[in-house]
Amino acid sequence: KLASGAYGEEECRFEKEKWEATKNFADLMYTPDWTPAVDKEYRAAIKPVTEKHADRVGKLQEQEKAKETTK
């Protein structure tokens, strides 16, 4: 079984990449300047990061299952 540290590392990586992709929006969040157009840009910026994270977690889960079946 994979150590829970693998998931923790991935979560940290995801948060860092998410911040890098969306840091230009930080000053606009929770202000009247947050328009539907800005929201659309934000979602477009975060989408590839989220998809990559889901792929990585899926691979970690597959590795975990493979280790359990070889015991």
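Let me begin by describing the structure that accompanies this report. Predicted model only: the values in this text are computed from it and were never measured.

## A short note on unusual backbone geometry
A positive phi angle, close to 60 degrees, is found at Y30, a residue other than glycine. By secondary structure assignment, the location of Y30 is in the loop between helix 1 (4–22) and helix 2 (36–69). Since its relative accessible area comes to 82%, Y30 is described here as exposed.

## Digging into the side chain of T22
Assignment of secondary structure puts T22 in helix 1. The class of T22 is buried, set by a relative accessible area of 5%. Engagement of the side chain of T22 in a polar contact is seen with the backbone oxygen of K18, the distance being 2.7 Å. Setting aside anything within four residues of it in sequence, one finds T22 in contact with Y42 and I46.

## Some points on the environment of V49
Mapped onto the secondary structure, V49 falls in helix 2. Discounting residues that sit within four places of it in the chain, V49 has contacts with F14, E17, K18 and A21.

## Points about the pattern of salt bridges
Enumeration over the complete set of coordinates arrives at 8 salt bridges. Among the ionic pairs, R56 bridges to E10, the shortest N-O distance being 3.7 Å. Taken together, the residues R56 in helix 2 and E10 in helix 1 connect sequence positions 46 residues apart. Overall, the relative accessible area of 2% leaves E10 in the buried class. One salt bridge connects K23 with E20, and the closest N-O pair in it is separated by 3.2 Å. Ionic contacts of the salt-bridge type, sharing partners, join the residues E10, R13, E17 and R56 into one network.

## As for the packing of aromatic side chains
All chains considered together, the criterion is met by 3 aromatic pairs. Where F25 meets Y42, the ring centres are 5.6 Å apart and the plane angle is 90 degrees; that geometry is what we call edge-to-face. Highlighted residues: F25 in the loop between helix 1 and helix 2 and Y42 in helix 2, separated in sequence by 17 residues. Across the pair, Y42 and F25 agree in class, each one buried. Among the aromatic residues, those joined into a ring-pair cluster are F25, W34 and Y42.

Parameters and conventions
- Residues numbered from 1 in each chain as written.
- Predicted model: local features only at pLDDT ≥ 70, side-chain atom pairs only at ≥ 80, totals over all residues.
- Heavy atoms only, no water.
- Helix = DSSP H or I, 4+ residues; strand = E, 2+ residues; numbered from the N terminus.
- Buried < 20%, exposed > 50% of the residue type's maximum accessible area, 1.4 Å probe, protein only.
- Polar contact = N/O pair within 3.5 Å; in protein donor to acceptor, adjacent residues only side chain to side chain.
- Contact = heavy atoms within 4.5 Å.
- Salt bridge = Lys/Arg side-chain N within 4 Å of Asp/Glu carboxyl O.
- Phe/Tyr/Trp six-rings, centres within 6.5 Å; stacked < 30°, edge-to-face > 60°.

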